[in-house]
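Now for the letters of each chain:
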Amino acid sequence: MRKETGPCPIIRADHSFFCKHANIIHQGLNGSTYSEYMITLTSQINDSFSPSDIFENSPWQFDCHLSSFESFSGGHMGKKLFFGIDVIKVIAIFSVVSVHFLLNTDFYGVPIIGTSLNVQVFYRQLFIVCVPLFLLATGYLQLEKEWNKKYLKSTMSVVYIYLILSLFAILARILLFKEIHPISFWIKSVFTFEAVRYAWYVEMYIGLALLIPFLNYIWKSFKTKRDFQIFIVILLFITAMPGFWNAFSEDVPYISVIRFPGFWTSLYPVTYYFIGVYIRRYGSRIPPLASLFGFLAATLVQTLVICLKTGNGTFVNGVGSYDSLLIVIQSYFLFSALYRLELPKSRVFRNLAVPVSSISVLTLDIYLASAITDKFIYEYIADHLFTAQKYAILFAPLCVTLSFSLAYAVALLRKTVCPLRGKRPRPKNEKPV
């Protein structure tokens, strides 16, 4: 099988484009590997038109890297484009709900004593990759984005979803949880990203999204792969090394006097973004299985460090947060293990593409909706089931599954009632094709 050494191309197309190149697609899906098919397809397409002219004014716009498409010859689904990225996004959003389990219990307020609490530390570090995975996937998918009206419109869709889910959260807080505040409080909470408990991510992502087209100018200016590597090393040094070392060395004799300046650590989303771009551009040389073992090893190391630094006291984060070099390495390993996944050949397993695709395009909705579903689930659980934090981990599968399912239901409701865009109305004199 041919090894992928370059980026997977992003193709934007409409119905006429696919009809025009149906013979190319038919040949590409006929027994070729995904890499061979994409190489053949793009080489033939690029000879016939400019990518910037594809589907500029068509009403049926869609991104091939976010959707499935079918073979024109057989009507059955071809290999899912970026199926691995969709899987990563599903794992990331499930990790969000999972890691918030500890946030909604007494984990951070009780001494870390005994096997159960140590297991909960491992549980936390296992799912702490949630936000980094989203940022890596963003870089992987957005590396060719340019600043234009269409891109700005797509960015505003994030704001639109946030406003809809903020209204939902405010209504839930008033009607279900009996919060009483003046209207000015609720309006201000929307602008300060406090209407939804977890909305800090939206605040961060809007800024990143506005910068993405200009960040892409940076990586495109590199003349060699080595230039890109040096750039990432510098980013890691100023945004990730301080987050790890300063947390790890705290209160450790002799080495605690050595500190890294942490001024640039808040720039960590940009670091993850460029790492995602680099993986898309040059790929990962680490085999998937080795990457998976690397992820588990990094998780175990983090758990060991935290347990040692915590001792018998309350939780001490001795490895840092998303801006930690150790978290970056852990996230890279998991991303590297999964991004090359292709849709299974078995018809049974290929049906997994349907829920995976559905969840992957609603991750922001699920993320925001989970703030309310978490509150609903954990208030009930705390009153009726929880007895002590050491037993809390036994309820994690139930709580996480219920909260995730309810949040997914809210996301589907938003998509149905308040879609990002409606279907194009058909003129009266237009006949169906």
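Within each chain, residues carry numbers counting from 1 in the order of the written sequence. The predicted nature of this model means local features are confined to residues of pLDDT at least 70 and side-chain atom pairs, given and counted, to a pLDDT of 80 or more, with totals for whole chains, interfaces and linings taken over all residues. The side-chain figures draw on all heavy atoms in the structure; neither hydrogens nor water molecules are used.

(A) Region of interest: the overall build of the protein chain. Helical segments are the DSSP runs of H or I of at least four residues, strand segments are the runs of E of at least two, and each set is numbered from the N terminus. When you go through the protein chain residue by residue, the secondary structure sums to 18 helices and zero strands. Each residue is placed in one exposure class: buried if its accessible area under a 1.4 Å probe, protein chains only, is under 20% of its type's maximum, exposed if it is over 50%, and partly exposed if it falls in between. Counting only residues that meet the buried cut, the protein chain has 48% of its 433 residues in that class. In the protein chain, the share of contacts with a sequence separation of at least 24, taken over all contacts with a separation of at least 6, comes to 81%. Total accessible area on the protein chain stands at roughly 22,600 Å², and carbon and sulfur atoms take up 65% of it. Pairs of residues are marked as contacts when any of their non-hydrogen atoms sit within 4.5 Å. Note on areas: these come from Shrake-Rupley sampling with a 1.4 Å probe, and a residue is covered only by the protein chains present in the view.

(B) Spatial organisation of a nonpolar patch on the surface. Patch criteria: residues need more than 30% relative accessible area and no salt bridge. Like-charged residues are merged within 9 Å; nonpolar side chains of Val, Leu, Ile, Met, Phe, Trp and Tyr are merged within 5 Å. Here, a salt bridge means any side-chain nitrogen of Lys or Arg that lies within 4 Å of a carboxyl oxygen of Asp or Glu. Side chains of L167, L171, I174, L175, L176, F376 and L406 sit close together on the surface and give an oily, nonpolar patch of about 650 Å² of accessible area. Residue contributions to the nonpolar patch peak at four residues, all from helix α7 (residues 149-175). Owing to a relative accessible area of 43%, L171 belongs among the partly exposed residues under this scheme.

(C) Here's a closer look at the packing of helix α4 (residues 83-103) against helix α6 (residues 130-142). What counts as an axis is a line fitted to C-alpha atoms, over the stretch in contact for a helix, and the angles between N-to-C directions run from 0 to 180 degrees. One can describe the packing of α4 onto α6 by two numbers: an axis separation of 8 Å at closest approach and a directional angle of 155°. For the element pair α4 / α6, the angle class is roughly antiparallel. The two elements α4 and α6 meet at a crossing, and its hand is left-handed. Where α4 approaches α6, its residues I85, I88, K89, I91, A92, I93, S95, V96 and V99 are matched on the opposing element by C130, L133, F134, A137, Y140 and L141. Should an angle fall under 35 degrees it is taken as roughly parallel, and over 145 as roughly antiparallel, whereas 65 to 115 is taken as roughly perpendicular and any remaining angle as oblique. Note: crossing handedness is left-handed where the near helix turns anticlockwise from the far helix by less than a right angle, and right-handed where it turns clockwise.

(D) Quick peek at the nonpolar core. Residues belong to a common nonpolar core when they are buried Ala, Val, Leu, Ile, Met, Phe, Trp, Tyr or Cys residues joined through side-chain atoms within 4.5 Å. Among the nonpolar cores identified, the biggest contains 112 residues, and I85, F101, F335, I366 and L368 are the most heavily contacted of them. Residues within four places of F101 in sequence aside, it is in contact with Y123, Y378, F386, A392, I393, F395, A396, C399 and V400.

(E) Geometry of the packing of aromatic side chains. Note on ring pairs: Phe, Tyr and Trp rings are taken, using the six-membered ring of Trp, and paired if centres are within 6.5 Å. Classes follow the plane angle, with under 30 degrees stacked, over 60 edge-to-face and the rest tilted. All chains considered together, the criterion is met by 40 aromatic pairs. When the centroid spacing of 5.2 Å and the interplanar angle of 80° are considered together, the rings of F185 and W186 count as edge-to-face. For F185, a relative accessible area of 32% gives the class partly exposed. A residue is classified by how much of its surface remains accessible, and W186, at 7% relative accessible area, is buried. With 5.8 Å between their ring centres and 80° between their planes, Y273 and F274 make a pair best called edge-to-face. On the basis of relative accessibility, which here comes to 0%, the residue Y273 falls in the buried class. By relative accessible area, which is 0% here, F274 ends up buried. Taken together, F134, Y198, W200, Y201, Y205, Y268, Y272, Y322 and Y367 form an aromatic cluster joined through their ring pairs. Only Lys NZ and Arg CZ are tested; either one counts as a charge over a ring when it is within 6 Å of the ring centre and within 35 degrees of the ring normal. Residue placement shows R281 over the ring face of Y282; its charged tip is 5.2 Å from the ring centre. Here the basic side chain of K375 rests over the ring of F177, its NZ or CZ set 5.0 Å away from the ring centre.

(F) Spatial organisation of the environment of Y268. Within the element layout of this structure, Y268 appears in helix α12 (residues 268-282). On a C-alpha basis, the gap between Y268 and V328 in space is 9.4 Å, while along the polypeptide they are 60 residues apart. Beyond its immediate sequence surroundings of up to four residues, Y268 is in contact with L135, W200, T239, Y322 and D323.

(G) How the structure looks around helix α11 (residues 241-248). Buried residues dominate α11, accounting for seven of its eight residues. Among the residues of α11, those classed as buried are M241, P242, G243, F244, W245, N246 and A247. Against the buried residues of α11 lie α10 (225-239), α13 (288-310) and α14 (325-338).

(H) Examining the side chain of S95 more closely. Checked against the element boundaries, S95 lands in helix α4. If we skip the residues at most four places from it in the chain, S95 touches F127 and C130.

(I) Highlighting the pattern of salt bridges. The final tally for this structure, using the stated rule, is five salt bridges. Ionic pairing is found between E144 and K220, a salt bridge with its closest N-O pair at 3.2 Å. Here E144 is found in the loop between α6 and α7, whereas its partner K220 is found in helix α9 (residues 200-220), with 76 residues between them in sequence. For K220, a relative accessible area of 38% puts it in the partly exposed group.

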